[in-house]
Amino acid sequence: MQTVLWILVFISSFCIMEFMAWFTHKYIMHGFLWTLHKDHHKKDHDSWFERNDTFFIFYALISIGCFLLWKYTDFWLGLPIGLGIFAYGLSYFIVHDIFIHQRFKVLRNTNNWYAKGLRRAHKIHHKHLGKEDGECFGMLFVPFKYFKK
């Protein structure tokens, strides 16, 4: 029974992170911390790194904190929550940085309906260079209209 609960907590944590990413992206990155996110919409530097890359640190610290709580206390939920956050971060990196923005030149020819939908939604998001009038702030779950041919 504990294994089933552990898996449910892991999956729930992963799914909650999609909401957290959407919320953070819409209200924080396109809000009061736009100064860190704007170089992702309009590259104003020659570096491979963007100021926007600092956002991953926040969730990485939460994930690490969960691992530490699990290791040093009796908080067994720390492990599946920490792993759920980590798995979402890894998925985000693969989908957003590698697949969509091609920061590494792999996954270029991925061309299924889901991949096309994610690319369309992200392209719509990036058509806005400013912090206002943004749309499509999610990463893995985007509106169905982007999956239509």
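Everything quoted here is computed from the prediction, not taken from an experiment.

K.L.:
What exactly am I supposed to notice about the environment of I62 here?
P.N.:
Mapped onto the elements, I62 comes out in helix 3 (residues 55–72). Overall, I62 belongs to the partly exposed group, its relative accessible area being 34%. When the C-alpha positions of I62 and I85 are compared, they lie 8.1 Å apart, and in sequence the two are 23 residues distant.

K.L.:
Would you explain the environment of S12 in this entry?
P.N.:
Among the secondary structure elements, S12 is positioned in helix 1 (residues 2–32). Residues S12 and D39 lie 27 residues apart in sequence; the distance between their C-alpha atoms is 31 Å. Only 2.8 Å separates the side chain of S12 from the backbone oxygen of L8, close enough to count as a polar contact.

K.L.:
Would you take a moment to explain the side chain of H25 for this structure?
P.N.:
Tracing the chain through its elements places H25 in helix 1. On the basis of relative accessible area, H25 is assigned to the buried category, the value being 6%. Non-local contacts of H25, meaning those with residues more than four positions away in its chain, are made with H30, H37, H41, H125 and F137.

K.L.:
What should I look at first to understand the packing of helix 2 (residues 34–41) against helix 5 (residues 113–126) in this one?
P.N.:
For any two helices packed against each other, one specifies the inter-axial angle together with the distance between the axes. Between helix 2 and helix 5, whose axes approach to 10 Å, the crossing angle comes to 115°. Crossing geometry of helix 2 relative to helix 5 is assigned as left-handed. Along the contact surface, helix 2 presents H37, H40 and H41, while helix 5 presents H122, H125 and H126. Looking at the contact of helix 2 with helix 5 residue by residue, the class counts come to no nonpolar, six polar and no charged.

K.L.:
Looking at this structure, how should I read a nonpolar patch on the surface?
P.N.:
A contiguous nonpolar surface patch, about 830 Å² in accessible area, is contributed by W48, F49, F86, L90, F93, I94, F104, V106 and L107. Mapped onto the elements of the fold, F86 is located in helix 4 (residues 78–100).

K.L.:
Could you clarify how one ought to interpret the packing of aromatic side chains in this entry?
P.N.:
Taken as a whole and assessed by the stated rule, the structure comprises nine aromatic pairs. Taken together through their ring pairs, the aromatic side chains of F19, W22, F23 and Y27 make up a single cluster.

K.L.:
What is the right way to look at helix 5 in this model?
P.N.:
Think of an α-helix as 3.6 residues a turn; residues three or four steps apart then line up on the same face. Its 14 residues give helix 5 an end-to-end C-alpha distance of 20 Å, which sits within 8% of 20 Å, the value for a rise of 1.5 Å per residue. For helix 5, the complete set of buried residues consists of A115, G117, L118, A121, H122, H125 and H126. For helix 5, the arc enclosing every buried residue in end-on projection is 165°, short of the 170-degree limit, so these residues lie on one face. Those residues of helix 5 that are exposed and aimed more than 90 degrees away from the buried face are W113 and K123. As for helix 5, its buried residues are in contact with helix 1, helix 2 and helix 4.

Rules and cut-offs
Residues numbered from 1 in each chain as written. Predicted model: local features only at pLDDT ≥ 70, side-chain atom pairs only at ≥ 80, totals over all residues. Heavy atoms only, no water. Helix = DSSP H or I, 4+ residues; strand = E, 2+ residues; numbered from the N terminus. Buried < 20%, exposed > 50% of the residue type's maximum accessible area, 1.4 Å probe, protein only. Polar contact = N/O pair within 3.5 Å; in protein donor to acceptor, adjacent residues only side chain to side chain. Contact = heavy atoms within 4.5 Å. Axes fitted to C-alpha atoms, helices over the stretch in contact; angles between N-to-C directions. Left-handed = near helix turned anticlockwise from the far one by under 90°. Nonpolar A, V, L, I, M, F, W, Y, C, P; charged D, E, K, R; others polar. Patch = residues over 30% accessible without salt bridge, like charges linked within 9 Å, V, L, I, M, F, W, Y side chains within 5 Å. Areas by Shrake-Rupley, 256 points an atom, 1.4 Å probe, with all protein chains shown as cover. Salt bridge = Lys/Arg side-chain N within 4 Å of Asp/Glu carboxyl O. Phe/Tyr/Trp six-rings, centres within 6.5 Å; stacked < 30°, edge-to-face > 60°. Expected span 1.5 Å × (residues − 1). Arc of directions from axis to C-beta.

All we've got here are geometric facts, nothing functional implied.
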